[in-house]
Protein chains: 2
Amino acid sequence: MNSKKNAPADALDTFARFLQDRGLRMTRDRRAIIRQVFEVHAHFTMDDLFIALRLKGERLSKTTLYRNLPLLVESGLIRRVPGESSDGRFEHVLGHPHHDHLICLECGREIEFSCTDLETAQDNICRRYGFHPVWHRLGIWGYCRRCRARRSVKPKER
Amino acid sequence: MNSKKNAPADALDTFARFLQDRGLRMTRDRRAIIRQVFEVHAHFTMDDLFIALRLKGERLSKTTLYRNLPLLVESGLIRRVPGESSDGRFEHVLGHPHHDHLICLECGREIEFSCTDLETAQDNICRRYGFHPVWHRLGIWGYCRRCRARRSVKPKER
DNA sequence: TCCTTATTGCGACTGGTTTCCATTACCAAC
DNA sequence: GTTGGTAATGGAAACCAGTCGCAATAAGGA
């Protein structure tokens, strides 16, 4: 029952331990932040989080977020999403399996995928360079099936 | 003589064409920017570029850089260096073939590599999704050989 | 419950980037 | 070469995300 299923509660425990180890305190705001972060399975910005929490009736300030997200990162519960276009975005780590993205330049849609061949090729590269990988991020930009179809109808466009 | 060897001149031509196509003008400042960018084979920030140009006696303003670098990016001559830690950095593209990055979380070093298996795997993915790729970007974060060696000396660390 | 000290909110502040607008300079047409 | 329409530019002001200082608040161990 206290298994992996309850990510928010697990994360709360982990964070509580992390705080205690460093003589910091668990507060209402911190609890709310953790809960929110692990309830939603998507990337988020400071502002996303702020708005979501305010909508839930939490009265914390942005300053508090700016002060606490670095702690969450340090604790390993969340991480900044690497990659230029995802500047200022975070994602939680527990229960968020790895995936990469196809991003459509026309409609902006992001398609998630994962591919073992890709992972294998990456492992090979890392081995070749004596590099110990921790995580990676691959984005492929281009045109999705839907937009290509639409395009082919009026090929003169552009 | 007018071969690939002269990157700055080639880039200047390319950019001139790019500008003309959009009804924009080639100016002294733009020429100076291109020349500088293609003379130096290294990542650079707005400020690096500004200082370098000023040292060369150019009297352009930062505003001009902020206005023109996006054009260079659009023209494909330079690109923003991906990766969180290299926020705000650019690199030129001509004579800088496609590559991906291994980024060390400890020392920050970026190792460039390219790998056909990886490209192949990506092509397969795209085919599977009916996606037409235009470009991609892969970053692998982890620990480089050097830092791992240093670490293994004091294995209790972490 | 008390008391120490971490946490918080607010407003001021910062550094990087963008915008405004008056002036300058391209460059195509004469 | 001169002219005219319009893009480009510089400098200052505005903007914005993120940070800091400080007084008030609230964890949580004694």
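Our structure's up above, just so we're on the same page.
Residues numbered from 1 in each chain as written. Chains lettered and ligands numbered in written order. Predicted model: local features only at pLDDT ≥ 70, side-chain atom pairs only at ≥ 80, totals over all residues. Heavy atoms only, no water.

A. Structural view of the overall build of chain A. Helix and strand content of chain A: six helices and six strands. Out of the 158 residues belonging to chain A, those deemed buried represent 42%. Considering only contacts within chain A whose residues lie at least 6 apart along the sequence, 53% involve residues at least 24 apart. Of the roughly 9,400 Å² that chain A leaves accessible, carbon and sulfur atoms contribute 49%. (Helix = DSSP H or I, 4+ residues; strand = E, 2+ residues; numbered from the N terminus. Buried < 20%, exposed > 50% of the residue type's maximum accessible area, 1.4 Å probe, protein only. Contact = heavy atoms within 4.5 Å. Areas by Shrake-Rupley, 256 points an atom, 1.4 Å probe, with all protein chains shown as cover.)

B. Layout of the sheet that holds strand S2 (residues 78–80) of chain A. Residues and elements named next belong to chain A. Reading across from one edge, S1-S3-S2 is the order of the three strands in this open sheet, with antiparallel pairing throughout. Unpaired on one side and paired on the other, strand S1 (44–45) and S2 mark the two borders of the sheet. Two strands pair when backbone bridges link them, and S1 and strand S3 (residues 89–92) are joined in this way by two bridges, in the antiparallel orientation. In the sheet register, threonine 45 faces S3, and the bridge partner there is arginine 89. The strands touched by helix H4 (residues 62–74) within the sheet are S1, S2 and S3, with S2 carrying the most contacts at an inclination of about 105 degrees. (Pairing = 2+ DSSP bridges. Axes fitted to C-alpha atoms, helices over the stretch in contact; angles between N-to-C directions.)

C. Fine view of the protein's contact with DNA strand D. What surrounds DNA strand D is a group of 18 residues, the closest being Tyr66 of chain A together with Arg30, Ser61, Thr64 and Arg67 of chain B. Between DNA strand D and methionine 26 of chain A there is a distance of 2.9 Å, counted from a phosphate oxygen to a backbone nitrogen or oxygen. For DNA strand D, a phosphate oxygen lies 2.4 Å from a polar atom in the side chain of arginine 30 of chain B. Per-element accounting of the surface near DNA strand D gives the leading share, four residues, to helix H4 (residues 62–74) of chain B. Here the residues of the surface near DNA strand D are counted per class, giving four nonpolar, seven polar and seven charged. (Near = heavy atom within 4 Å. Polar contact = N/O pair within 3.5 Å; in protein donor to acceptor, adjacent residues only side chain to side chain. Nonpolar A, V, L, I, M, F, W, Y, C, P; charged D, E, K, R; others polar.)

D. Representation of the protein's contact with DNA strand C in the model. The environment of DNA strand C is made up of 18 residues, and the closest members are Arg30, Ser61, Thr64 and Arg67 of chain A together with Tyr66 of chain B. Counting only the atoms of DNA strand C within 4 Å of the protein, the fraction contributed by sugar and phosphate is 63%. A distance of 3.4 Å is found between a base nitrogen of DNA strand C and a side-chain nitrogen or oxygen belonging to arginine 67 of chain B. When contributions to the surface near DNA strand C are tallied by element, the ones reaching two or more residues are helix H2 (28–39) and H4 of chain A together with H4 of chain B.

E. Seen up close, helix H5 (residues 116–129) of chain B. All names here are of chain B. With 14 residues, H5 extends 20 Å between its outermost C-alpha atoms, agreeing within 8% with the 20 Å of an ideal straight helix rising 1.5 Å per residue. Every buried residue of H5 is accounted for by Leu118, Ala121, Gln122, Ile125 and Cys126. The arc enclosing the buried residues of H5, seen along the axis, measures out at 140 degrees, which places them on a common side. The exposed set on the far side of H5, more than 90 degrees from its buried face, consists of Thr116 and Arg127. Backbone geometry just downstream of H5 places glycine 130 in the positive-phi region, at approximately 65 degrees. (Expected span 1.5 Å × (residues − 1). Arc of directions from axis to C-beta.)

F. Expanded view of the sheet that holds strand S3 (residues 89–92) of chain B. Taking strand neighbours across the sheet as the criterion, the three strands line up as S1-S3-S2 (chain B) in an open arrangement whose pairing is antiparallel. Edge strands, defined here as strands with exactly one partner in the open sheet, are strand S1 (44–45) and strand S2 (78–80) of chain B.

G. Layout of the interface of chain A and chain B. If you look at the interface, chain A gives 38 residues, while chain B gives 38 residues. Summing both partners gives a buried area of about 3,400 Å² for chain A against chain B, and 68% of it is carried by carbon and sulfur. Seen at the junction of chain A and chain B, the total is zero salt bridges. Connecting chain A to chain B are six residue pairs in polar contact (both at pLDDT 80 or more). If one sorts the elements of the side of chain A that touches chain B by residue count, strand S6 (residues 132–143) of chain A sits on top with twelve residues. Taken together, the residues of the side of chain A that touches chain B break down into 22 nonpolar, seven polar and nine charged. Where S6 of chain A lies against strand S6 (residues 132–143) of chain B, eleven bridges are found, and the strand directions are antiparallel. Each bridged residue has a counterpart across the sheet, and for proline 133 of chain A the counterpart in S6 of chain B is glycine 142 of chain B. (Buried area = accessible area lost by both parts, 1.4 Å probe. Salt bridge = Lys/Arg side-chain N within 4 Å of Asp/Glu carboxyl O.)

H. The side chain of arginine 30 of chain A, seen in detail. Residues and elements named next belong to chain A. By the element assignment, arginine 30 lies in helix H2. Buried and without a salt bridge, arginine 30 has aspartate 29 as its closest oppositely charged side chain, separated by 8.0 Å. Non-local contacts of arginine 30, meaning those with residues more than four positions away in its chain, are made with Phe15, Leu19, Leu24, Arg25, Asn68 and Leu71. (Lys, Arg positive; Asp, Glu negative; His and termini not counted.)

I. Up close: the relation of the copies chain A and chain B. Note on the copies: chain A fits chain B at an RMSD of 1.6 Å, the axial shift is 0.2 Å, and the rotation between them is 179 degrees. What the superposition gives is, in effect, a two-fold axis relating one chain to the other. A symmetric contact is evident, with 100% of the interface residues of chain A recurring at the interface of chain B. (Least-squares fit on C-alpha atoms with pLDDT ≥ 70 in both.)

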